[in-house]
Amino acid sequence: MTDVATNMRLKLPIACFILQIILIILFGVLVEYDHDTDARLWHSKNHSDYENDFYYRYPSFQDVHVMIFIGFGFLMTFLQRYGFSSVGFNFLIAAFSLQWATLMQGFFHGMHEGKIHIGVLSMINADFCTGSVLISFGAVLGKTSPFQLLVMAIFEVTLFSVNEFVLVTALGARDAGGSMTIHTFGAYFGLMVTRVLYRPNLNKSKHRNSSVYHSDLFAMIGTIYLWMFWPSFNSAITAQGDDQHRTAMNTYYSLAACTLSTYGMSALTAHDGKLDMVHIQNAALAGGVAAGTPSLSEKPVLENKLKIQDTCGVHNLHGMPGVLGAIVGAVTAAVATTDVYGRGMKDVFPDVASGDITASYQGLVQAISLAVTLGMALLGGLIVGFILKLPVFGAPSDSICYEDNVYWEVPGEEDHEEQLTAVHAAEAEKLN
Amino acid sequence: MTDVATNMRLKLPIACFILQIILIILFGVLVEYDHDTDARLWHSKNHSDYENDFYYRYPSFQDVHVMIFIGFGFLMTFLQRYGFSSVGFNFLIAAFSLQWATLMQGFFHGMHEGKIHIGVLSMINADFCTGSVLISFGAVLGKTSPFQLLVMAIFEVTLFSVNEFVLVTALGARDAGGSMTIHTFGAYFGLMVTRVLYRPNLNKSKHRNSSVYHSDLFAMIGTIYLWMFWPSFNSAITAQGDDQHRTAMNTYYSLAACTLSTYGMSALTAHDGKLDMVHIQNAALAGGVAAGTPSLSEKPVLENKLKIQDTCGVHNLHGMPGVLGAIVGAVTAAVATTDVYGRGMKDVFPDVASGDITASYQGLVQAISLAVTLGMALLGGLIVGFILKLPVFGAPSDSICYEDNVYWEVPGEEDHEEQLTAVHAAEAEKLN
Amino acid sequence: MTDVATNMRLKLPIACFILQIILIILFGVLVEYDHDTDARLWHSKNHSDYENDFYYRYPSFQDVHVMIFIGFGFLMTFLQRYGFSSVGFNFLIAAFSLQWATLMQGFFHGMHEGKIHIGVLSMINADFCTGSVLISFGAVLGKTSPFQLLVMAIFEVTLFSVNEFVLVTALGARDAGGSMTIHTFGAYFGLMVTRVLYRPNLNKSKHRNSSVYHSDLFAMIGTIYLWMFWPSFNSAITAQGDDQHRTAMNTYYSLAACTLSTYGMSALTAHDGKLDMVHIQNAALAGGVAAGTPSLSEKPVLENKLKIQDTCGVHNLHGMPGVLGAIVGAVTAAVATTDVYGRGMKDVFPDVASGDITASYQGLVQAISLAVTLGMALLGGLIVGFILKLPVFGAPSDSICYEDNVYWEVPGEEDHEEQLTAVHAAEAEKLN
C-alpha cells in the first residue's frame, strides 16, 4: 500500500522541523515566565509558597491534559484499522497546537512590555485551544494526511485565538466551559473543512469505516475519560473559590443526568431495542439532555443532503450541544440578578455587577458572540478546506481512507496468521 | 440472538426517563448549594478563596471518580464477550446511583431547613455509595438485564443510606475506608441477590464465563486503577490535615505488602506453579494480607454448596476483606488511647476524646455496626432478589448469559472474518 | 510449555513471603510517622490543617504513581505475547521496590533518633527509586523470571539509595527530574545486567520479539501516560512555590517540542516514509530534542557490536537522555547567577546562593556526580548480572523468551478458535 502521493518521507519532516524551529525562536524571543513561575518575581513579594497558583490550577490542568491526549486520542480509536492514526495523529497535532496556541493566545490576551507571560493558566488555555483542533480532527478523521492536519492546526489555532479575543476581550462575553470558543468553533470549522473535502466515492473505503469489538472497547477508554474529567475541564479557569467548586459540581450532575437519558434514547431508537455503543459514546459526552438526545440519528441527513462526511459525529457531539449551551448561556445572562449571585456576581458577570451594563445587554452580547463564532468557523473552514485540497499535502485516495497502513508501519496479526496457516496446512494435508 | 423477553426497546427508555424526571424534580425542589459552592453564602464571609473545600477534596474526588468509572468498569471486562456490558452497564447504573445517592444521603445526613446541601463532599459520598452498588453488580455480572440493574440500584442506594445513617449517625460508629458501609454491605447484598437468582442450568453459558488474552489485559487497566487510587478512596473524606495524609499513606504501604503476598500465594496454589491473572486481579485489591490470601480458591465452595454464583468473586474481593477490616477496626477502637493519638484523637474518635464514652464502648459500637450491616445487606438482598425475579425485567435465559449481543449491537470481527473468507475462498478454489 | 527449570511453585512464594516478612519487621522496628502524618506531632503545633504537606504534594504523587504502574506497565505490553508479564511483573517488582526503597532511602536520607520518618515525600521518593528499577526491567524484558527480577530489585534499590546519598548528600549535587539518579542509573544498570545475561541464541524467540496491532495500542496507553504526567514527575519534589510551578511548565513545553521533532525524524528515517510507532513510543519520551532524535536507530549497533540485547530500548529512552540532561545540568549550574534566579537562587542551588561555593564549582560537582552514577550503575549491573546467572532463579531458555505462557496461566483465544473450528467443520463437510 505504498503510494508516491501519500509518501511522507520528506513532507512531514520538513513541516515538523520548520514549524518547531519557528516555535523555538518565537518562544526564545517572546516568552517570559509569569509572576508565579519566575523565581525573581515570585520571591520579590511577601507571600506564602502555598499561595502559588500552581496548587489551585495544576490538578485541574492535569485532568484536562488527560482529556486531550487520552480522551480525544482513544475516543477516535473506534475505527477498526485506524487506531495508530487516531492516537498518533492526535498526539502530533496536539503537541504542535499547544505550543502555537501559547504564542497566539499570549499575543491576543495581552502582551506585557512586548512579552508573553506563561504559567499554569496559559498551559490550560493552550490545552483548551488544542481541544478545539481535535474536535475538527474528528470530522475529517480517516481522510487526511498528517501534513494536512498540521496545516489545518496552524490556521485553526490562529483563528481560534482571534475569535476568542473578539468574544472575551472585545465584546466582553462570558464563555465558561468553552461552549462557543471551543465546541461550537471546533465543530463547525471541522464540518466546513470536511464539506469542502467532500469525497463522492468514499464508499470505496466503507468497509473500514466501522468498528470491531476491541476497537470499541479502546474507544470506551477515551469516552469515559472525557466524561469523568469534564467537570475539571469546565472549571479549570473559572474564578477561584465558590465559582470553580460550583462549576465542577454542576457539570458532574448534568453529565450524570444526560447519561441516563442517553441510554433510554439509545434503546428506544436503535435496532431491535438494543443499545448502540456509538450512541453511548456520543451522547454521554454531549453534556446536556436537551443537546444530546435529539441528535442521535441525524448523521445520514448530514451526509446525504449536505454532503458533510462527519466521521466522528462531531456535529452531534460538539456542534449542536455547543450552540445550545451558548443559547442557554445568553438567556441565563439576560436574567441574572444580584439576588441569585450575591457578591459572587462580580466573578460571573463583572460588567453587570459593576453596573456598567444591564443583564439584558449582557445577554445580547452572548448572542452576538455565538453569531460571530459561527461566522468565523464556517468562513475559516471554507478557506482552509480549499487550501487542504492542494495535492502537495498527500491526502489518501478514496479507496485507502480509514487505514493505518497508509502512513504507519503496521505489524502483522501474527497470532491469527499462524492459526490460519495451521488450518491451511491441515486442510492441504487432508486433500492429499 | 434477538429475543422478545430481553428486548429493551420500551422497558429501558421508560425506566430511564421516569427515573431521570423524578430525579430532576427532586433536585429542583430539595437541593441547594452548600456554603462552599453558593456564590452568596461564600462571599458573605471573610475568608480567602484558597480555603474553599474544593482545593482540599477535589483531587481525591477525581481519583475516586476514576475508580468508579474506569476501575470498576474495566475490572469486569475480563469476560470474553461481556466488555460492552461491563463498561456500559457500569456507566449506566453509576450515573443513576450517584444522583439518587445524593438525595438519599442528603436526606439522612441531615437536611438544612428542608434542603439538601451539596458540594464536593456530597459528590465523594455519592461516588462511595455508587461503589457499593457496583460491588453488587460484580456478583450478578452477566446474568442480569440493565433494567434489573437499575431496579437493584434504586433499592440498594436507599438501603445503603439507611445503613450508613444507623451506623454513623445513630450508633456513632467510625467507618474510614468504608469497610462496613461500602465493602461489606455491597458484597453481601449482591451475594444474596445472586443467591436468590440462582440458575441451576447456568453451565449452558459456561464457555463464555471465562477470559481471553486481550480481555484480561483490559481488566488489568481496571485493576491497576483501583489499586493505585485506593489511598485516595480511603482518605477522601477523613478529617483534613494529618488524618487524610496518614490514611492515604497507610493504604499505600498496606497495598504494596498485600501485592507481594498475593504473588507468592498465586504461584503456590495455582496450576503448575504459574501465576494466575485472576488471583492477581482479586487479591491485590483485597486490601490486606490477612484478607486477600486465604480466600483465593473458595469460589467453587460458594457455588456448589451455597448455590451462590459470584461471577466477579466479590466475596473474596470485598466481602471477606470488609468483614475483617471491620473486626480489626473494632479491636483498634477498643484499645485506642490518647497516648497514641494525642490531640488528633478528637478527629478519629471524637466521642472517646471528649470523654463521653470509653474506648471499649466504642469497640462494642463498631462490632454492633458490623452485625447491623450484615443483617441489612442480607435481608435487603433477599427481598430485592425476589423482586428482580419478576419476568418483566427481561433477564437473559441461561444459555445467553455473559454475552454482549443480548443487549448491545455488537460489530463483527471484520478482520478475522475477511481472513477466514480468504481461507475459505482459497480452499474452495483448490477443490475445483 | 511447563518446564521444571522455570517452575515457580516454591521459589516465588518463598522469595515473596520471606521478603515481605522482613519488610514488615523492619517497618515495625524502624519506621515512624513524620511531622505531617503523626496525629500527636501535627496537632502539637499551631498551624492550619490546610498547610499540611499532603495538599501540596499528593496530586503530584498520584500522577507519578500512575506513571509507575500504568505508564511503565503498559509501555512494555508492546510485545505480542508478553502483556501479562509486562503489566504483572511490573506490578510485582514495583510493589516490592517501593517498600524496600522507603527503608533504604530513609536510612540514607538521615534517621531521626534511630527512626525513619515517612510521609508523602517518602512515598514520592520511593516511587522514583521504583522507576529506576522499572527502567532496568525494560532492558531485560522477556528474558528473566519474576524471581530474578525480585533479586535484581533488592540490589538495585540498595545501590540506587547509596548513589543518591553520595550525589545529593555527600557531594551536594542537584538532580531535579532525576536525570542522573533515576534515568542514567536505571538505564546503565539494566544495560549491564542484560549484557552479562547475553544470549547468543536468542533468535530462537525472535518471532515473538515484535508487536501486533492491538499490543501496540495497549503500549500507547503507557506511552501517553508517561508523556502526560512527566511534568508532575519532574516537579514532584522540587521546592514549593515558583520552583515546582516552573519545573512542571518547562517540562510541558519541552515534551511538546520533542514530540514534533520525533514525528519528523520518524518519517525521515523509517521504511517508505511511514511513521513507526516504536519511534513515537521511544523518542516522545526521551524528553528533549537533542536527546530523543539522534538515537532512533542505534539498537542494532548495541546488539551486534556490544552484545547488549536491550528489549525495550532503554538506552535511547533513558540512558542517552539521562546523560545529556546531566551534562546540560552541569553547564547550567556553572553559569547560574543571582541575576537570573534572584532570591529563588537559594531554592535551586542553596550552596551557591549562600556563597559557600562558586557556580563553577557547582558545575564540577554535577560532572563528578554523573561519573559516579555511571560507575556505580555499570559495576553494580556487572555483579548483579553474574548473580542472576545462577540457575536457581529459573530464567526461561532461549526458545521461550517473550512468552507469557512460561510464568502465567494464559486463557485461550476462544473466539478465533471457535471461528476456525467452524471453518474446519465447513470444509470437512464439503469434502464428504
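Bear in mind the structure is a predicted one, so any value in this text is a computation, not a measurement.

### Observations concerning the interface of chain A and chain B
Consideration 1: Facing the 72 residues of chain A at the interface are 88 residues of chain B.
Consideration 2: Together, the buried faces of chain A and chain B total about 7000 Å²; carbon and sulfur atoms form 67% of this surface.
Consideration 3: Where chain A meets chain B, there are zero salt bridges.
Consideration 4: In this assembly, chain A and chain B are joined by 25 residue pairs in polar contact (both at pLDDT 80 or more).

### Observations regarding empty space enclosed by the protein
It is a probe the size of a water molecule, rolled over the atoms, that shows where empty space is left.
Consideration 1: Counted under the stated rule, the structure contains 19 cavities of 30 Å³ or more.
Consideration 2: Put simply, the second largest cavity is a space of about 270 Å³.
Consideration 3: If you trace the second largest cavity, you find 22 residues lining it, with A:Asp63, B:Asp63, B:Phe229, C:Asp63 and C:Phe229 closest to the centre.
Consideration 4: The set of elements that each furnish at least two residues to the lining of the second largest cavity consists of helix H3 (54-75) and helix H8 (213-235) of chain A, helix H3 (54-75) and helix H8 (213-235) of chain B together with helix H3 (54-75) and helix H8 (213-235) of chain C.
Consideration 5: Residue contributions to the lining of the second largest cavity peak at six residues, all from H3(C).
Consideration 6: Partitioning the lining of the second largest cavity into residue classes produces 15 nonpolar, four polar and three charged.

### A short note on the nonpolar core
Consideration 1: Residues A:Leu150, A:Tyr225, A:Trp408, B:Leu150, B:Tyr225, C:Leu150 and C:Tyr225 are the most contacted members of the largest nonpolar core, which totals 362 residues.
Consideration 2: It is helix H4 (residues 83-109) of chain C that contributes the most residues to this core, 15 residues altogether.
Consideration 3: Those residues in contact with A:Tyr225 that lie beyond four places of it in its chain are A:Val66, A:Met67, A:Ile70, A:Gly71, B:Val66, B:Ile70, B:Tyr225 and C:Tyr225.
Consideration 4: Residues C:Ala336, C:Met345, C:Phe349 and C:Ile357 belong to the second largest nonpolar core, which totals eight residues.

### Comments concerning the relation of the copies chain C and chain B
Consideration 1: Of the two same-sequence chains, chain C is brought onto chain B (RMSD 0.0 Å, axial shift 0.0 Å) by a rotation of 120 degrees. One copy is carried onto the other by what is essentially a three-fold rotation axis. Residue C:Pro59, judged by its C-alpha, is the member of chain C lying nearest the rotation axis, at 3.7 Å.
Consideration 2: Of the residues that chain C buries at the interface, just 15% are likewise interface residues in chain B, meaning the two copies contact each other through different surfaces.

### Here's the deal with the packing of H3(A) against H8(C)
Consideration 1: Across the interface, H3(A) lies against H8(C) with an axial gap of 11 Å and an inter-helix angle of 165 degrees. As far as their axial angle goes, H8(C) and H3(A) are roughly antiparallel. Helix-helix and strand crossings are classified by hand; for H3(A) and H8(C) the assignment is right-handed. Residues A:Phe54, A:Tyr58, A:Gln62, A:His65, A:Val66, A:Phe69, A:Ile70 and A:Phe74 of H3(A) form the contact with H8(C), whose participating residues are C:Leu217, C:Met220, C:Ile221, C:Ile224, C:Tyr225, C:Trp227, C:Met228, C:Phe229, C:Pro231, C:Ser232 and C:Ser235.
Consideration 2: When the residues that make up the contact of H3(A) with H8(C) are grouped by side-chain class, the tally is 15 nonpolar, four polar and no charged.

### Quick notes on the packing of aromatic side chains
Two descriptors summarise a pair of aromatic rings, namely the distance from one centre to the other and the angle between the planes of the rings.
Consideration 1: Tallied over the entire structure, the rule returns 81 aromatic pairs over all chains.
Consideration 2: Note on B:Phe69 and B:Phe91: the rings are 5.9 Å apart at their centroids and 85 degrees apart in plane angle, and the pair reads as edge-to-face. Of the two residues, B:Phe69 sits in helix H3 while B:Phe91 sits in helix H4 (residues 83-109), which places them 22 residues apart along the sequence.
Consideration 3: You can call B:Phe69 buried: its relative accessible area is 0%.
Consideration 4: An aromatic cluster of three or more residues is present, and its members are A:Phe27, A:Tyr50, A:Phe54, A:Tyr55, A:Tyr58, A:Phe61, C:Tyr56, C:Tyr252 and C:Tyr253.
Consideration 5: Geometry around B:Tyr33 places A:Arg246 over its ring, the cationic atom sitting 6.0 Å from the centre.
Consideration 6: It is B:Arg81 that lies over the ring of A:Tyr213; its NZ or CZ is 5.0 Å from the centre.

### Some details on the interface of chain C and chain B
Consideration 1: Listed as interface residues are 88 residues of chain C and, on the opposing side, 72 residues of chain B.
Consideration 2: In this assembly, chain C and chain B are joined by zero salt bridges.
Consideration 3: Connecting chain C to chain B are 25 residue pairs in polar contact (both at pLDDT 80 or more).
Consideration 4: Those elements that place two or more of their residues in the side of chain C that touches chain B are helix H1 (11-30), helix H2 (39-44), H3, H4, helix H5 (120-140), H8 and helix H18 (414-431) of chain C.
Consideration 5: Across the side of chain C that touches chain B, the residue classes break down as 50 nonpolar, 22 polar and 16 charged.

Parameters and conventions
Residues numbered from 1 in each chain as written. Chains lettered and ligands numbered in written order. Predicted model: local features only at pLDDT ≥ 70, side-chain atom pairs only at ≥ 80, totals over all residues. Heavy atoms only, no water. Contact = heavy atoms within 4.5 Å. Buried area = accessible area lost by both parts, 1.4 Å probe. Salt bridge = Lys/Arg side-chain N within 4 Å of Asp/Glu carboxyl O. Polar contact = N/O pair within 3.5 Å; in protein donor to acceptor, adjacent residues only side chain to side chain. 1 Å grid on protein atoms, 1.4 Å probe; cavity = no way out; pocket = protein on both sides within 12 Å on 5 of 7 lines; lining within 4 Å. Points joined across faces, edges and corners; volume = space filled by probe spheres on them. Helix = DSSP H or I, 4+ residues; strand = E, 2+ residues; numbered from the N terminus. Nonpolar A, V, L, I, M, F, W, Y, C, P; charged D, E, K, R; others polar. Core = buried A, V, L, I, M, F, W, Y, C linked by side-chain atoms within 4.5 Å. Buried < 20%, exposed > 50% of the residue type's maximum accessible area, 1.4 Å probe, protein only. Least-squares fit on C-alpha atoms with pLDDT ≥ 70 in both. Axes fitted to C-alpha atoms, helices over the stretch in contact; angles between N-to-C directions. Parallel < 35°, antiparallel > 145°, perpendicular 65-115°, else oblique. Left-handed = near helix turned anticlockwise from the far one by under 90°. Phe/Tyr/Trp six-rings, centres within 6.5 Å; stacked < 30°, edge-to-face > 60°. Lys NZ or Arg CZ within 6 Å of the ring centre and 35° of its normal.

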